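One letter stands for each residue in the lines below.
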Amino acid sequence: MVGETLKYLLMTAWLLPLLGFVVEIFLGYKKNDARRSKLGAWIAVGCIGTGFICSASALVIWSNASGAWGEDGWITSQKNADHHGAEAHHGEDHGSHDHDSGKAHEEEHHSSTPSRAEFLLTSVNADEPHGHADEKKTVYSGSIYTLAKFGSLTLSIDYYIDSLTIVMFTMVTLIATCIHLFAMGYMSDELTEEYVDHQVHTSDGKHLHRPGRFYRFFAFLSLFCFAMLGLVLAGNIFQVFVFWELVGICSFLLIGFYTERKTASNAANKAFIMNRVGDFGFLIGLMVLWTFFGTFRFGDTKVEGEVAEQGLFSMVHRDETGNLLQDDITGEVLITDDDGHSLLDEQGQSRTIPYFLLIVAGLGVFAGCVGKSAQFPLQTWLPDAMEGPTPVSALVHSATMVAAGVYLTGRFFPMFTQEVLLVIAYTGCITLFVAATIAVVATDIKKVLAYSTLSQLGYMVAAFGLGSLTVEHDGHDHNHKTSLKPQGGVHLVQCPYYWNPKAVSAHKGRDHNHRQ
C-alpha cells in the first residue's frame, strides 16, 4: 500500500511538468495574445508547485513507513551503533577470555555495518536483512509499462523509490518552484510583441527586433523539470540514459535561449558537445553491463512475491572488508542472488564478469557523470553556460542538472569497484582545487558563482570516491547557490557602476535584465 502511494505521488510530480509543457506550447501557438500573457507561466508554476507538494507528501509517508526518524529510525540506530562500538572497543582492550573477545568482535561487526547510513544514500535490496534498524521496508521498485522485448532484453518504464529518490524529488521540485516564481518577474521584458535585443545588430547597424518568447521560456523550463524528475525516478539504467539525453537537450535550448547572440549560441553548442563526450563513455558502460548482467533494472522483478529476475544491485555482493565477491581461481567477480549465492548459466557454471570489465563499466558510467556535473577534464562548459538567462543559471546549472551526475554516482555506488572509487576521488579533488583557484581571479560575478559551483560539485564527487555520504551537502549547496544566482543578477543592477549609460547597455545585453 505504501509502495503504491509513493509510486502515484511521484509519478504525478513527474508527469505534471510534461502536461504543463504541452499546454504551454499549444497555448503559445493558439492564443492570440500569448506573447503578452502570463498564463503559461502560471500553468508552469502550478504544475511544479503541485509536484513539490506531492514530493513532500511522499517524503513524509516514506519516513513514517520506514521509521527513518522514529523510534527504530536512523538517529536511534546510530546511537546504538556508537554504544555497541564503544563496548566492542572496551572488550578488545580488556578481553582476556575467548568468549568476551568473540562477543566484542561480534558487536564491532554489527556496529560497523552501515545499515541505515547505506540505505540513506545508496540502493540496497529492500528484503535483505541489515540488522534491527532495517526491519521496515525502505525500497520500492516495479514496472510501469513495458515498451518492447528483444529476446531476453526488456525495455520498460520502471520506477525505483528509496531515500535518495525522494530527497532528490523534494529538492528539485522545491528549487524549481522558487526559480519559476522568480523567472516570472525576471523574464517579464519578453512579454511583448516586439522585443529589442541591444546585443545583436542587423546588417544595417540597427538592433535586432523579434517577437517576445515568454511562453517558450517556461515551456522549456517545464520540459527540463519533466526530464530531471524522470531521471531521478528511473528504475533502470537505460531509462536513466534516455532522460539523461533529454536533460542535455533542454540545457542546450535554455543556454541558447537568446539564440541570435553569438556568445549564447557558442556556449550552447559547447555544453552540448562536451556532454556528448561523457555520454560516449556512458554508452560503453551500458553495453558492458547488459552483456554480463543481462538486465538494466536496478531492483529485483517480483511476481506474486517471488523474485522472477534479479536486479543489478542484488547481483553483486561484498565481503566483510568491502571487496566484491570473486572466484577463488579466476579472480572474476561473481554474479549472485539476494543471498550471495552464485547464479548459474545454461551450462551450469557460475556466472561471472571479469574484474577489469567491471572497472570499465564503472568508469564508463562515471564518464557520463563527469560530463553532466562538469568535472575535470570536461568542466569548461559550465562557466560559459552562464550566457543563458539568470533563472536558467540558477535552476539548471547550479541546482539540478549539474547535480544529476552526482546523483547517478550515488545511485550506482553499489556497482563501483575500489579502483573506480579512487578515480572518482582524484577527479573530484582536481576539480575542486582548479575551480576554486580560477574563481579567485574571475571578475564576472556569474562566472565566480559558476566556478564556486564547480568546486562544490568537486567536493561531493570526492566524498563519493572516499565512500562518504554527500546528499546533505548536495541539498545545502544547491539551495545556497540557487539563492545566490538571482542575487548576483540583482546586484549587477544595483551596483552604482552600472548606472552610466554604456555600462547599463552592456549589462542589459549580458545579464538580460532590463529593469531601470
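Q: I'd like a rundown of the pairing of strand β4 (residues 207–210), residues and numbers included.
A: Burial along β4 is one-sided: L208 and R210 are buried, while H207 and H209, pointing the other way, are not. When strand β3 (residues 195–201) meets β4, the two strands line up antiparallel, connected through four bridges. Across the sheet, the residue bridging to V196 is H209, located in β4.

Q: Account for the packing of helix α10 (residues 355–372) against helix α13 (residues 418–441), with residues named and values stated.
A: In the contact formed by α10 and α13, the axes pass within 8 Å of each other and the chain directions differ by 30°. By the criterion of interaxial angle, the relationship of α10 to α13 is roughly parallel. Every pair of crossing elements has a handedness; the one defined by α10 and α13 is right-handed. Mapping the contact onto sequence places Y355, I359, G362, L363, F366 and V370 in α10 and Q418, E419, V420, V423, I424 and T427 in α13. Its residues assigned to classes, the contact of α10 with α13 shows eight nonpolar, three polar and one charged.

Q: A description of the state of the cysteines should follow, citing residues and the corresponding values.
A: Here the structure, examined in full by the defined rule, presents zero disulfides. The thiol sulfur of C225 is not disulfide-bonded, and the nearest other cysteine sulfur, from C250, lies at 8.9 Å.

Q: Break down the packing of aromatic side chains for me, with residues and values.
A: Counting across every chain of the model gives 18 aromatic pairs. Relative to F243, the ring of F226 has its centre 5.7 Å away and its plane inclined at 75°; by these criteria the two rings are edge-to-face. With F226 in helix α7 (residues 214–233) and F243 in helix α8 (residues 237–255), this pair connects stretches of sequence that are 17 residues apart. For the residue pair F226 and F243, the accessibility class agrees, reading buried in each case. Through pairs of rings, three or more aromatic residues link up here, namely F214, F217, F218, F257 and Y258. If you follow R261 out to its NZ or CZ, it ends over the ring of Y258, 4.3 Å from the centre. Of note, R276 hangs over the ring of F272, and the distance from its end group to the ring centre comes to 4.5 Å.

Q: Which residues make up the environment of M274, and what values go with them?
A: Tracing the backbone through its elements, the reader meets M274 in helix α9 (residues 262–293). Spatially, the C-alpha atom of M274 lies 8.7 Å from that of Q379, the residues being 105 residues apart in sequence. In this structure, M274 is in contact with P377, L378, Q379, T380 and W381, ignoring residues within four places of it in sequence.

Q: Explain the side chain of S37 residue by residue, including any values.
A: Its location among the elements puts S37 in the loop between α1 (2–30) and α2 (39–66). Among the polar contacts made by the side chain of S37, one reaches the main-chain amide nitrogen of L39 at a distance of 3.1 Å.

Q: Any details on unusual backbone geometry? Residues and values, ideally.
A: With an omega of 10°, the peptide bond between F376 and P377 qualifies as cis. Along the chain, the position of P377 falls in the loop between α10 and α11 (381–384). Here the phi dihedral of A374 falls at roughly 55°; this positive angle occurs in a residue that is not glycine. By the secondary structure assignment, A374 is in the loop between α10 and α11.

Q: Describe the nonpolar core, naming the residues involved and giving the relevant values.
A: Core analysis: the biggest nonpolar cluster contains 124 residues, and F224 and F293 have the highest contact counts within it. Sort the elements by how many residues they give to this core and α7 lands first, with 16 residues. Contacts of F224, omitting those with residues within four sequence positions, involve V247, C250, L254, L395, V396, T400 and M401.

Q: Talk me through the pattern of salt bridges; I want residue IDs and the actual numbers.
A: What the rule picks out here adds up to 10 salt bridges. Salt-bridge contacts for E245 lead to R276; the nearest nitrogen and oxygen are separated by 3.2 Å. Of this pair, E245 sits in helix α8 while R276 sits in helix α9, and the two are 31 residues apart along the sequence. Here E245 and R276 have matching classes, each one buried. In the salt-bridge network here, residues are joined through shared partners; they are E190, R210, R213 and E260.

What counts, and at which threshold
- The residue numbers shown here count from 1 along each chain, following its written sequence.
- Two thresholds apply to this predicted model, a pLDDT of at least 70 for residue-level local features and 80 or more for giving and counting side-chain atom pairs, whereas whole-chain, interface and lining totals are computed over all residues.
- Hydrogens and waters are ignored; side-chain quantities use all the structure's heavy atoms.
- Whether a residue is buried, partly exposed or exposed follows from its accessible area with a 1.4 Å probe, protein chains only, as a fraction of its type maximum: under 20%, in between, or over 50%, in that order.
- Numbered from the N terminus, helices here are DSSP runs of H or I no shorter than four residues, and strands are runs of E no shorter than two.
- One bridge is not enough; two strands pair if DSSP finds at least two bridges between them.
- Lines fitted to C-alpha atoms define the axes here, with helix axes fitted over just the stretch in contact, and angles between the N-to-C directions of these axes take values from 0 to 180 degrees.
- Roughly parallel refers to an angle under 35 degrees, roughly antiparallel to one over 145, roughly perpendicular to one between 65 and 115, and oblique to any angle outside these ranges.
- In this scheme the crossing of two helices becomes right-handed for a clockwise turn of the near helix relative to the far one and left-handed for an anticlockwise turn of less than a right angle.
- Whether two residues are in contact is decided by their heavy atoms, any of which lying within 4.5 Å being enough.
- Each residue is assigned to one class: nonpolar for Ala, Val, Leu, Ile, Met, Phe, Trp, Tyr, Cys and Pro, charged for Asp, Glu, Lys and Arg, and polar for all the others, Gly among them.
- In what follows, a disulfide is any cysteine sulfur pair within 2.5 Å.
- A pair of aromatic rings is counted whenever rings of Phe, Tyr or Trp (Trp by its six-membered ring) have centres within 6.5 Å, and the orientation is called stacked for planes under 30 degrees apart, edge-to-face for over 60 and tilted otherwise.
- Whether a charge lies above a ring is judged from NZ of Lys or CZ of Arg, which has to be within 6 Å of the ring centre and within 35 degrees of the ring normal.
- In the analysis that follows, any N or O atom pair within 3.5 Å is treated as a polar contact, provided that within protein one partner can donate a hydrogen and the other can accept it, and provided that, for residues neighboring in sequence, both atoms belong to side chains.
- By convention a nonpolar core is built from buried Ala, Val, Leu, Ile, Met, Phe, Trp, Tyr and Cys residues, the set being connected through side-chain atoms within 4.5 Å.
- One side-chain nitrogen of Lys or Arg within 4 Å of one carboxyl oxygen of Asp or Glu is enough to make a salt bridge.

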